[in-house]
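# Chains, contacts and geometry: an overview
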Amino acid sequence: MINKVVADADEAVRDIPDQAVLMLGGFGLCGIPENAIAALLRKGVKGLTCISNNAGVDDFGIGLMLKTRQVKKMISSYVGENAEFERQLLSGELEVELIPQGTLAERVRAGGAGIPAFFTPAGVGTEVAAGKETRDFGGKTYLMERWLRADFSLVKAWKGDTAGNLIYRGTARNFNPMMAAAGQVTIAEVEELVPVGQLDPNHIHTPGIYVHRIFQGRGYEKRIEQRTTRKA
Amino acid sequence: MKSELSNELHEKPDRMLDKIGIAKRIAREVMDGMYINLGIGIPTLVANYIPSSINVVLQSENGLLGIGPFPTEAEVDPDLINAGKQTITMMPGSALFSSAESFAMIRSGKVDLTILGAMEVSEQGDIANWKVPGKMVKGMGGAMDLVASAKHIIVAMQHCSKDGASKLLPSCTLPITGLRCVKRIVSDMAVLDVLPDGGFKLLERAPGVTVDDIKKATAGKLVVGGEIPEMTL
């Protein structure tokens, strides 16, 4: 089997240049590539375009890279819960493109599936439709949306093997599988890296063909945004 | 400016439904066997009032069918959250999937009912719930996808703003989330259907609220036919 293992996050992100277009997996702070983000902070690359459903919080996730002014543009569906984000947006330092969540997911999926465009009903009649081609199918109007692809995709999985096969856990799967497929170079970090043969092929969510580099992540914080509990 | 505005507006009756009342009334719309997506806020509360005799599956658009109750402190799992980023549990028989697959099932009409909040609804069934000009725009999340594709949409909302301006309008003034998609509204004053040719058809009144109160609070075309019953919760 092809071995895709790199030593750590720093080695994995070594050649990400300034102005790169990145995809970062995760929904809220769930399933985000914590180690790769930390390595990008250390590396100090600038002018990044980040395609990610959310923009983290002030002191975690992509929010950390906003603080260090490494992000030029965010492409997301929801960017609340981040005061620094708001400040940079209002001052014009940060560019933001907001996309309906399902359209974002499908544009990324299309990018990984070799489909340059598709039609969706989401956003018809709204400002999202401005400048986009519409077409009627069966009496309903749809909007043409284009694929999204990235120079580098940074994804986080629960388990992975040395060949790059990945298994996600719970709702930490979210955008990770589509982003893994849509990256020109895909970097996967995992909580548990195992030798080939250890993962049941029946259970693989992302086949290793999509993954170029994989490393054993360290010190996962897995921060919770809204801790809601009931009495035991 | 504000006081000038409120002068021409009616005074609100004091017996309108609170958030829990709205959630309880919407829970009565839920039928056995439904797959349901609940938005953030009042819609999330609806789950608490669905009778245990009714079996439904709740969808979370980040990638789960089968949302369970909030976890106990010991059960908290950072890998399990709902679309509002709250920690959750899974019901027995749950299924996990990617966000692309989640919206595929929404777009293809597999989700039977979507319940969400609104800032404004027009008499044509247009909904505005994602953006207020002049305020920080946080994004539409999955709202535009949900309203564009749901088979049945129930909106949970306040009938009027805090200064008494109607939120049920001839046409929306705020940026639109989706066109001609709202089927039913449960407000703090009434249950109304959006008619296929436009107009709000009054179906029920909140306890103690009169048809006249509702007429005054509805800026869009209101259709009132026959006796309007008081809702039961």
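Procedures and definitions
- Residues numbered from 1 in each chain as written.
- Chains lettered and ligands numbered in written order.
- Predicted model: local features only at pLDDT ≥ 70, side-chain atom pairs only at ≥ 80, totals over all residues.
- Heavy atoms only, no water.
- Helix = DSSP H or I, 4+ residues; strand = E, 2+ residues; numbered from the N terminus.
- Rg over C-alpha atoms; globule rule 2.2 N^0.38 Å.
- Buried < 20%, exposed > 50% of the residue type's maximum accessible area, 1.4 Å probe, protein only.
- Contact = heavy atoms within 4.5 Å.
- Areas by Shrake-Rupley, 256 points an atom, 1.4 Å probe, with all protein chains shown as cover.
- Lys, Arg positive; Asp, Glu negative; His and termini not counted.
- Charge placed at Lys NZ, Arg CZ, Asp CG, Glu CD.
- Buried area = accessible area lost by both parts, 1.4 Å probe.
- Salt bridge = Lys/Arg side-chain N within 4 Å of Asp/Glu carboxyl O.
- Polar contact = N/O pair within 3.5 Å; in protein donor to acceptor, adjacent residues only side chain to side chain.
- Nonpolar A, V, L, I, M, F, W, Y, C, P; charged D, E, K, R; others polar.
- Pairing = 2+ DSSP bridges.
- Axes fitted to C-alpha atoms, helices over the stretch in contact; angles between N-to-C directions.
- Core = buried A, V, L, I, M, F, W, Y, C linked by side-chain atoms within 4.5 Å.
- Expected span 1.5 Å × (residues − 1).
- Disulfide = S-S within 2.5 Å.

## Quick word on the overall build of chain A
Looking only at helices and strands, one finds six helices and eleven strands in chain A. Compactness check: chain A gives a C-alpha radius of gyration of 18 Å against a globular reference of 17 Å for 232 residues, within 12% of the reference. Once the C-alpha set of chain A is aligned to its principal axes, its extents read approximately 50 × 50 × 40 Å. Burial statistics for chain A: of 232 residues in total, 56% are counted as buried. Expressed as a percentage of contacts within chain A between residues at least 6 apart in sequence, the contacts between residues at least 24 apart total 71%. When the accessible surface of chain A is summed, it comes to about 9500 Å², and 49% of that surface belongs to carbon and sulfur atoms. If you average the places of the 28 positive and of the 27 negative side-chain charges in chain A, the two averages end up 3 Å apart.

## Points about the interface of chain B and chain A
With 48 residues of chain B in contact, the opposing surface of chain A contributes 51 residues. Of the roughly 4000 Å² buried between chain B and chain A on both sides combined, carbon and sulfur atoms contribute 60%. Looking only at chain B, the three residues that lose the most surface to chain A are Asp79(B), Lys85(B) and Met136(B), adding up to 19% of its buried area. Summed over the shared surface of chain B and chain A, the result is six salt bridges. For the pair chain B and chain A, the number of links is 26 residue pairs in polar contact (both at pLDDT 80 or more). Within the residue set of the side of chain B that touches chain A, elements represented by two or more residues are α4 (99-107) and α5 (143-149) of chain B. Its residues assigned to classes, the side of chain B that touches chain A comprises 22 nonpolar, 16 polar and ten charged.

## A closer look at the pattern of salt bridges
With the rule as written, the count across this model stands at 28 salt bridges over all chains. In this structure, Arg69(A) and Glu93(A) form a salt bridge, with 3.1 Å as the shortest nitrogen-oxygen distance. With a gap of 24 residues between them, Arg69(A) in the loop between α3 (62-67) and β3 (71-76) and Glu93(A) in the loop between α4 (83-90) and β4 (95-98) connect regions that are remote in the sequence. For Arg69(A), a relative accessible area of 46% translates into the label partly exposed. Look at Glu93(A) and you get partly exposed, because its relative accessible area is 35%. Arg25(B) serves as the salt-bridge partner of Glu204(B), at 2.9 Å between the closest nitrogen and oxygen. One end of the pair, Glu204(B), is in strand β12 (residues 200-205); the other, Arg25(B), is in helix α2 (residues 19-27), and 179 residues separate them in sequence. Per residue, the accessibility class of Glu204(B) equals that of Arg25(B), and both read buried. Residues participating in the shared-partner salt-bridge network are Lys73(A), Glu95(A), Glu97(A), Arg107(A), Lys132(A) and Glu145(A).

## Brief notes about the sheet that holds strand β7 (residues 140-146) of chain A
Residue and element names in this part refer to chain A. Judged by pairing direction, the sheet is antiparallel, and its three strands sit side by side in the order β5-β7-β6 without closing on themselves. Across the chains shown, the open sheet's two edge strands, defined by having one partner strand only, are β5 (117-120) and β6 (134-137). Taken pair by pair, the neighbouring strands of this sheet meet at an average axis angle of 40 degrees, ignoring direction. Across four bridges, the pairing between β5 and β7 is antiparallel. Within β7, the position partnered with Ala117 by the bridge is Arg146. Sitting on the sheet, helix α5 (residues 101-113) is in contact with β5 and β7, with an inclination near 155 degrees to β5.

## Some details on the nonpolar core
In this structure, Val155(B) and Ile185(B) are the most contacted members of the largest nonpolar core, which totals 49 residues. The greatest single-element share of this core, amounting to five residues, is contributed by strand β8 (residues 153-157) of chain B. Each residue touching Val155(B), except ones within four places of it in the same chain, is listed here: Leu116(B), Gly117(B), Ala118(B), Val121(B), Ile127(B), Val182(B), Arg184(B), Ile185(B) and Val186(B). Core analysis: the second largest hydrophobic core is formed by 30 residues, Ala9(A), Ala36(A), Ile37(A) and Phe152(A) among them.

## With respect to α5(A)
Residues and elements named next belong to chain A. Here α5 spans 18 Å end to end across 13 residues, near enough to the 18 Å set by a 1.5 Å rise per residue. Burial runs high along α5: ten of the 13 residues are buried. For α5, the complete set of buried residues consists of Gln101, Gly102, Thr103, Leu104, Ala105, Glu106, Arg107, Val108, Ala110 and Gly111. Looking one or two residues beyond α5, the residue adopting positive phi is Gly114, at roughly 70 degrees.

## What to know about the sheet that holds strand β11 (residues 190-194) of chain B
Residues and elements named next belong to chain B. Strands sit in the order β4-β3-β2-β1-β5-β8-β10-β11-β12-β13 across an open sheet of ten strands; the sheet is mixed. In this open sheet, the two edge strands, each paired with only one partner strand, are β4 (90-96) and β13 (222-223). Relative to strand β5 (residues 113-117), strand β1 (residues 35-38) is paired through three bridges, and the arrangement is parallel. The partner of Leu38 across the bridge, within β5, is Ile115.

## As for the state of the cysteines
Residues and elements named next belong to chain B. For the coordinates displayed, the defined rule picks out zero disulfides over all chains. You can see Cys172 has no disulfide; the closest cysteine sulfur is in Cys181, sitting 9.0 Å from it. Owing to a relative accessible area of 17%, Cys172 belongs among the buried residues under this scheme. With relative accessibility at 5%, the residue Cys181 sits in the buried group.

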